[in-house]
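Observations on chain architecture
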Amino acid sequence: MKHQLQSFKFIRSALSLLLLVSAFSFTAQAQDGFVVQGKVVDDAGIPLPGTSILEKGTTNGVSADFDGEYSIVVSDRDAVLVASYIGFAEQEISIAGNNQIDVVMEASAASLEEVVVVGYGTQKKSDLTGSVASADLQAFEDQPNVNILQSLQGSVAGLNIGAVSSAGANPNIQVRGRNTFAVDDDGNLTGSDPLIVLDGVIYRGSLADINPGDIGTIDVLKDASSQAIYGSQAANGVILITSKNGKKDRKPIINFSTFYSMETPSNTLTPLGRSQWLEHYDKIFYEEAYLAPDYTQLDSSFDPSTRFPYQSIQDGYKNGTDTNWLDTVTQAASTQNTNISMAGNSGKTSYFLSAGYIDQKGWKLNDQYDRLSLRANFDTKVRDWLTVGMQTFASFGDYSGLEANLRGGYLYSPLIHPYKEDGSIATDPIGIFRSPLLRPEVDQLDKRMNMFGNFYAQIQLPIEGLSYRINHAINYRTTRDYRFDPIGNNFTGGSSKENIFREDRTTDNLLTYKRTFNEKHALDVTLLYGFEERDGENTIARSGNFLNQSLGYNSLESGDVDLQLAESGAFDESSIYQMARLNYRYNDKYLLTFTTRRDGFSGFGSDKKFGIFPSLGLAWTLSNEKFVNKALPGLTNLKFRATYGQTGNRTVGRYRTLAQVDAGFQYVFGDGSGPAYGQNINSLANNSLSWETTTGLNLGLDFGMLSGKINGSINYYDTTTEDILFDINLPRITGFSTIPTNLGEVANKGLEVSINSVNVQSENFTWQSTLNFSTNSNEIVTILGRDDDNDGVEDDLITTRGRLIPGESIQTIYDYSDTGNIYQLNDDIPDGYNPGNRILEDLDGDGLISADKDRKVLGRAEEAYRFSIYNEFNYKDFTFSAFINSVQGGKDGYLGRVNPTSSVGEWQHDNASTYNIVREFDAWSPANSNAAHSGVLYDDPINAQRYEDRSFVRLQDVRLAYNFPDQISEKLGVEKFRLFIAGKNLYTWTDWIGTDPEISGNAFDLNQAPVMTSYSIGLNLTF
């Protein structure tokens, strides 16, 4: 609370300074000269209040009043007026000695002329047939985001970006939900990550390595027609990231920006303090601590210390120890970010150079991250027919240091003191669970380097409209993870060094032909031939039992020879692909896009190395039809789109199609000789294993109305994914437990709506809004197609992660139904149950609770819909914006666990005298009979989960910025000067009892740090 109060005072002081400085800038300027007046209307004769009227070449300007009328004093009779209004084309009008000039503004086609990246090229928005969304990066440029994806969270319909809660972390990403129920080796759902393309090249590195200040545009390909150009890797969507470059025909522009952010947890679970813990302790052992028969009156003679199993707890009880362990394992969180860049264009050469530094401290003690990033983009026109260039960056990330054990901070008893009398850490105060402060004591170096370069040449061939481009990209990544634990191996020390290397090489050959014939027929043809090679290796060496620990991990040979160990691994894979895309436009009304790609991948089975992925897109621009314009004069855009096609998903591992061998197997013959080394096959080959195939339909409508004041799009999609990659069980007699195969089918569909509007534009004031809404649902159509019980319904499939049910969603929750009641002392309690156990619903009424008869579908872990609202208000030189993001579950969706499976073992039985508990876990006892959760003295006989809704509405981003007037900027020697303050994750409306509804699916996940609320101040200077 003290830290939050200081943050509030800091922000309040900054705001006061900002208002004070701006007050001095609002000075009236008397002007003498020629007076011009008039009225501004749209093409329908409706006044346009707030239209900006500026004398060209000066800062002299006015805004039209509520009736669209204006009056301006200009320097002379030959001045030129510039009229501008959002959604309309800018106009220049020569006065030519006229005192009365009325202006008719024409709706602008600028938004339709906007160029978007579509993969291996660009297109004007008006020419798109597929579902492509462009992110508004400018709206979030003043937010303290260290990862570019944080700027997209909730801001693009159909693109789901998760929250992050640790320094330097990458959020989870999904485009249009989940198409597959494939799982990884740990049984977790996998295969839903979209493909990332950076500067036209597939990017495999971490997005945390990319400086957000270097990014110019982000476009999201969401339907099969736009995705098909990436073939077997595109079924989960494609995110196209393009870095900045030099502006055309401009002098060098230097930009400097910096911000500092103070961060506090938006919400945490609350471990009990000393008095609360002792009270809770008495309730746990109510049969000894309370008087019979109702056990609601405390027995004053009860001495709790008689049950304390450790001397440290007994000493803390006697000494009055009251340790807030959560405070000891956390720290003040903050982020400092500084960027400087220079961009320019000398006519034939454009360039963008930048350097950025981020220093981030997370909430967990010793959770820290810093990154130095460098970028150099060049583009040079060597000859009229030849352009060469490069887009490069280098990132140096430092994750060194292990964070404290947050779970221990929640669970350690407040009666335990964290330090010994000499000030050193009490390493083993309760023996079986070492101090959560020990992890930061490990000497760990974790440094990561990422170097990326895309080098290209563009050749204009002798045929008009025909050009050739070659890209050659290299991405080289290294990780050094070195550790020395001084208390490892029973305080003799344990150490390791691991080096990881990854290299990706891509070469693309592109042939493009663009021509317009008879001013009506426009062709845009792209042909691609390319290949990708990826390889990597890792080496790790371990040692322990050091006689001399001074050199740590830099002297592994100093450890015991018997504890020295070396391991290594390597991989390589390759892809080859061809693609053809045809864009045809007739008379700016009828559009066609046809794409096909042929993909070959070394990781596919030998019988199915190649796949073909076609798609077709059609569009009709109705707003270019005369009869539509006549019927709807205020319409600026109306286009209907329909696409259909196939894409793939490579959830298959690079060697899963092969029979894999374990080396190092030793066999002892028993004849006195040494052991023989051998090998054994640990997995079966599947030569027919291939990609998952997603076939999708997308119907879209783009619209613009009220002379451009309202623009938006609506998309409906329906896809089916077949040949899902999954491990099926084998009879043990084969010697193997599973084999990877293609099976099953999943349907996925949804609706997306995005609307941008100019709500108010008057003199000195503008209010703009953006609304996004999306809904998504999936259904398992079939798995194995088996009906062993002959009930006419396909059987469910039990997996390591749960139950897959045909006809239900992938993340359906199938479990026992909790009645919400708990057995009390005087209840008729069934055998095997105890007071404090939960009462589950007996679905079949046989008086027993069984796994096969008393479980049902309770809901799903997927959300029902998402929405976001962005509002931006501009008043003179001030800009205020607020962004609300929401995830909603509907009647049976977005459920999360609220039973503490990860901690209940520590909270039960005699462990309850050792460990703490969080206040949010409202445990039953006779003195707390209306509790929400079961008691901790006895196990529930059946391990049934409880689930609650995780829906939320979050005030996610708020900012206030002030752009200093040109007069002040000029005096300071800068071209532009902006000061801003911002807040992130300021408030969340939710009924979820856990740390955060978005960050975890388990309310009592004690390892999970919360989402952080941040307060930032920063500035941006342009020279």
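The structure contained in this document is the topic of the report that follows. Just so you know, these numbers come straight off a predicted model, no measurement behind them.

1. What about unusual backbone geometry?
Cis geometry is adopted by the peptide bond preceding Pro-293, which originates at Ala-292 and carries an omega value of 5°. Mapping Pro-293 onto the fold places it in the loop between α5 (286-289) and α6 (311-319). Although it is not a glycine, Tyr-120 sits at a positive phi angle of roughly 55°. In this model, Lys-876 sits at a positive phi of 55°, which is unusual for a non-glycine residue. Within the secondary structure, Lys-876 is located in the loop between β42 (865-875) and β43 (878-888). The partly exposed category is assigned to Lys-876, whose relative accessible area is 42%.

2. Some remarks on the side chain of Asn-583
With respect to the element layout, Asn-583 can be found in strand β26 (residues 565-586). Assessed through its relative accessible area of 7%, Asn-583 is described here as buried. Among all residues touching Asn-583, those that are not within four sequence positions of it are Gln-123, Ala-522, Leu-523, Asp-524, Leu-592 and Thr-593.

3. Re a nonpolar patch on the surface
A cluster of nonpolar side chains, namely Tyr-590, Trp-620, Phe-627, Phe-640, Tyr-644, Leu-697, Leu-699, Leu-701, Ile-714, Tyr-716 and Leu-751, defines an oily patch on the protein surface of about 950 Å² accessible area. Residue assignment for the nonpolar patch shows that the elements contributing at least two residues are β29 (637-649), β32 (692-705) and β33 (710-729). Here the element with the most residues in the nonpolar patch is β32; it accounts for 3 residues. Among the residues examined, Leu-751 registers a relative accessible area of 31% and is labelled partly exposed.

4. Examining the sheet that holds strand β7 (residues 103-104)
What the 3 strands build is an open sheet, ordered β4-β1-β7; its pairing is mixed. Each having just a single partner strand, β4 (69-74) and β7 make up the two edges of the open sheet. Two strands pair when backbone bridges link them, and strand β1 (residues 34-41) and β7 are joined in this way by 2 bridges, in the parallel orientation. Note on β7: the bridge partner recorded for Val-41 is Val-104.

5. Looking at the nonpolar core
Burial of nonpolar side chains together is a common tendency in soluble globular proteins. One finds Trp-277, Phe-308, Trp-363, Leu-406, Tyr-410, Ile-430 and Phe-921 to be the most contacted residues of the largest nonpolar core, which totals 49 residues. At the level of elements, α4 (274-284), α5, α7 (325-328) and α8 (406-411) are the ones that each hand at least two residues to this core. Examining the composition of this core, we find that 4 residues originate from one element, α4, more than from any other. Those residues in contact with Tyr-410, other than ones at most four positions away along the chain, are Thr-268, Leu-269, Pro-271, Leu-326, Trp-363, Asn-916, Val-918, Thr-995 and Leu-1006. Formed by 25 residues, the second largest nonpolar core is a distinct cluster that contains Ala-135, Leu-152, Val-156 and Ile-218.

Rules of the game
- Residues numbered from 1 in each chain as written.
- Predicted model: local features only at pLDDT ≥ 70, side-chain atom pairs only at ≥ 80, totals over all residues.
- Heavy atoms only, no water.
- Helix = DSSP H or I, 4+ residues; strand = E, 2+ residues; numbered from the N terminus.
- Buried < 20%, exposed > 50% of the residue type's maximum accessible area, 1.4 Å probe, protein only.
- Contact = heavy atoms within 4.5 Å.
- Patch = residues over 30% accessible without salt bridge, like charges linked within 9 Å, V, L, I, M, F, W, Y side chains within 5 Å.
- Areas by Shrake-Rupley, 256 points an atom, 1.4 Å probe, with all protein chains shown as cover.
- Salt bridge = Lys/Arg side-chain N within 4 Å of Asp/Glu carboxyl O.
- Pairing = 2+ DSSP bridges.
- Core = buried A, V, L, I, M, F, W, Y, C linked by side-chain atoms within 4.5 Å.

Read these as layout, nothing more, since geometry by itself doesn't imply function.
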